[in-house]
Amino acid sequence: MEWYFVILMFFLMLMALIFFGFPIAFAFLTINTLVAIIFIGFSSGINTLVNSSFEALAKFTLTPVPLFILMGEILFHSGLVMKLLDAFSKFLGKIPARLSLLSIGTGTLLSAMSGSAVADAAMLGSTLAPEMQKRGYHLRMIVGPIVAAGTLALIIPPSTVAILLASTARINVGHVLIAGILPGILIAIVLAVYYMVMGYVKPELAPIYEVEKPKWSERFKALFMYVLPIASLIFFVLGLIFSGVVTPTESASTGVLGALILAIVYRKLSLKVLKNALVGTVKVSGMIMLIIAASAGFSQILSYTGATRGLVEFVVGTDVAPIITVIIMLLIVLMMGTFIEPISIMMITIPLYYPVITALEYDPIWFAIMMLICLGLGNITPPFGLLLFVMKGALPSNVPVKRIYTAVIPVVLLEMAVVALILFIPEITTWLPYLSD
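Residues numbered from 1 in each chain as written. Predicted model: local features only at pLDDT ≥ 70, side-chain atom pairs only at ≥ 80, totals over all residues. Heavy atoms only, no water.

Undergrad: I would appreciate a short explanation of the pattern of salt bridges in the present structure.
TA: Should the charged atoms of two oppositely charged side chains come close, the side chains can pair. In this structure the tally under the stated criterion is 1 salt bridge. Across the salt bridge formed by Glu-131 and Arg-135, the nearest N and O atoms sit 2.9 Å from each other. Glu-131 sits in the partly exposed class, given a relative accessible area of 25%. Classification of Arg-135 by relative accessible area gives partly exposed; the value is 30%. (Salt bridge = Lys/Arg side-chain N within 4 Å of Asp/Glu carboxyl O. Buried < 20%, exposed > 50% of the residue type's maximum accessible area, 1.4 Å probe, protein only.)

Undergrad: Is there a simple way to think about the nonpolar core in this case?
TA: Soluble globular proteins tend to pack their nonpolar side chains together in the buried interior. Counting residues in each nonpolar core, the largest one holds 155 residues, and the members touching the most others are Phe-367 and Met-371. With residues up to four places along the chain from it excluded, the contact list for Phe-367 reads Val-326, Met-329, Leu-330, Tyr-353, Tyr-354 and Ile-357. (Core = buried A, V, L, I, M, F, W, Y, C linked by side-chain atoms within 4.5 Å. Contact = heavy atoms within 4.5 Å.)

Undergrad: How should helix H21 (residues 409-424) be read in this particular structure?
TA: An α-helical turn contains 3.6 residues, so any two residues separated by three or four positions project in the same direction. Taking 1.5 Å per residue, 16 residues should reach 22 Å; H21 reaches 23 Å between its end C-alpha atoms and fits that length. Burial in H21 covers these residues: Pro-410, Val-411, Val-412, Glu-415, Val-418, Val-419, Ile-422 and Leu-423. Structurally, H21 contributes buried residues whose contacts are with helix H8 (139-152), helix H11 (181-201), helix H16 (322-336), helix H18 (364-378), helix H20 (401-407) and helix H22 (427-435). (Helix = DSSP H or I, 4+ residues; strand = E, 2+ residues; numbered from the N terminus. Expected span 1.5 Å × (residues − 1).)

Undergrad: What is the right way to look at the side chain of Thr-281 in this model?
TA: Positionally, Thr-281 belongs in helix H14 (residues 271-305). Here the side chain of Thr-281 touches Ala-277 through a polar contact of 2.7 Å, landing on its backbone oxygen. Excluding anything up to four places from it in sequence, Thr-281 contacts Pro-66, Ile-69, Leu-70 and Glu-73. (Polar contact = N/O pair within 3.5 Å; in protein donor to acceptor, adjacent residues only side chain to side chain.)

Undergrad: Even after reading the chapter, I still don't get the packing of helix H9 (residues 160-169) against helix H17 (residues 342-359), so can you show me in this structure?
TA: Close contact between H9 and H17 brings their axes to 10 Å; oriented N to C, the two are set at 30°. Relative to H17, H9 is oriented roughly parallel. In this structure, H9 meets H17 at a crossing whose hand is right-handed. Contacts between H9 and H17 involve Val-161, Leu-164, Leu-165, Thr-168 and Ala-169 on the former and, on the latter, Ile-343, Met-346, Met-347, Ile-350 and Tyr-354. A class-by-class count of the residues in the contact of H9 with H17 yields 9 nonpolar, 1 polar and no charged. (Axes fitted to C-alpha atoms, helices over the stretch in contact; angles between N-to-C directions. Parallel < 35°, antiparallel > 145°, perpendicular 65-115°, else oblique. Left-handed = near helix turned anticlockwise from the far one by under 90°. Nonpolar A, V, L, I, M, F, W, Y, C, P; charged D, E, K, R; others polar.)

Undergrad: Before we go on, may I ask you to explain unusual backbone geometry in this structure?
TA: Excluding glycine, most residues fall at negative phi; most peptide bonds, likewise, are trans. In the Ramachandran plot, Arg-170 falls in the positive-phi region, its phi being about 60° despite a non-glycine side chain. Examined against the element boundaries, Arg-170 turns out to sit in the loop between H9 and helix H10 (173-179). Of note, the phi angle at Glu-361 is positive, near 65°, even though the residue is not glycine. Relative to the helices and strands, Glu-361 is located in the loop between H17 and H18.

Undergrad: Looking at this structure, I do not really get a nonpolar patch on the surface. What am I missing?
TA: A cluster of nonpolar residues, Val-320, Ile-324, Ile-328, Leu-331, Ile-332, Met-335 and Met-416, forms a patch on the protein surface that exposes about 570 Å² of accessible area. If one sorts the elements of the nonpolar patch by residue count, H16 sits on top with 5 residues. Tracing the sequence through the fold places Ile-324 in helix H16. (Patch = residues over 30% accessible without salt bridge, like charges linked within 9 Å, V, L, I, M, F, W, Y side chains within 5 Å. Areas by Shrake-Rupley, 256 points an atom, 1.4 Å probe, with all protein chains shown as cover.)

Undergrad: Hey, could you run me through the packing of aromatic side chains in this one?
TA: In this description, an aromatic ring pair is defined by two values, namely the gap between the centres and the angle between the planes. On inspection of all chains with the given rule, the structure shows 4 aromatic pairs. Ring centres 4.9 Å apart and planes at 80° place the aromatic pair Tyr-194 and Tyr-195 in the edge-to-face group. Tyr-194 sits in the partly exposed class, given a relative accessible area of 21%. What makes Tyr-195 buried here is its relative accessible area of 0%. Arranged with centres 6.0 Å apart and planes meeting at 75°, the rings of Tyr-353 and Phe-367 form a pair that is edge-to-face. (Phe/Tyr/Trp six-rings, centres within 6.5 Å; stacked < 30°, edge-to-face > 60°.)

Geometric values such as these leave the question of function open.
Right, here's the structure in full:
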């Protein structure tokens, strides 16, 4: 059977099962089993799937995933994130689009704590969206900044999606995490400037309102009590990775310990907080590991049938410029993001994409960051972007979905512009990780 028939058959079966309501991980496992039996045989096929799943999960590089998730869960459930939000608010005066900027600023720091796009968007949506509506903010100035903050969680370390991408693609985990720092900050700055300019040029979109001006003593108290300790934890964790003194796993362990210490110091740690954090970590980690196990079987089947080799030979043999091939691959990720969540997209595409990237002799870290940004954009791209439904739940029921869709258009365009910039200036992603060597 030709290589393209194998890939086409797999995707048609996968889309059919997803359409009928199968969870992506179980759809993967079902199709892997059927295809393995067809091409390899029952006994050998099942053994191949079991062995590949074990090898995929028994990796030291995956151990930071549950640890970073646990760090974020502790900080969320202990309420320290809300303290951080209040502290940031004290430093913003009567500036254009004040609450939009607060969303982006807080979201950027949240991304460095949780690595969860849904958790960040849900938290900001439930706390800031009602206040922004009360102050007369246009929906564009509410939805855009909040969902944009959610997309940053996939880029800014300690992104669990970045760890999974690096581990699955067999590239340096620490390098991929560090590579996300500059692009993440760049996106945050671009978005902040855009919304500030919109608030200044069209004040009716984000009316300036009177705010209680806290004393400088209160501002510095909030800074030293909440912002600096939490920010120090983040920079310490990232600094350990950047220095190369410890592995990402050891750095993640330090982060969990630091989060526990902060919760204890602020008297926010309780059995309920600890239980909720552990349960949340197990749920998310279990889902991620199941998808990884399924994806490993997919990779084995592609190799056994020669589909991977056929795809690479086809791409290398075409007359299309290599950069066009990269752009097409990223556009496919964007389109898939409209109806599949990021981790599943990554597990479907990486076994196909990274052999091509290697054959085209592109830097795998450069491509990884662009792919992470596109995965984040998939979360907010209509009609089925996950964060759009998170925002729908945070807003009043009379707000039509169509208005939410149109509100995210500027964010999608701005982040795509950053991807285009990275495409032609790879040093934005490669300078920091190779500097740490």
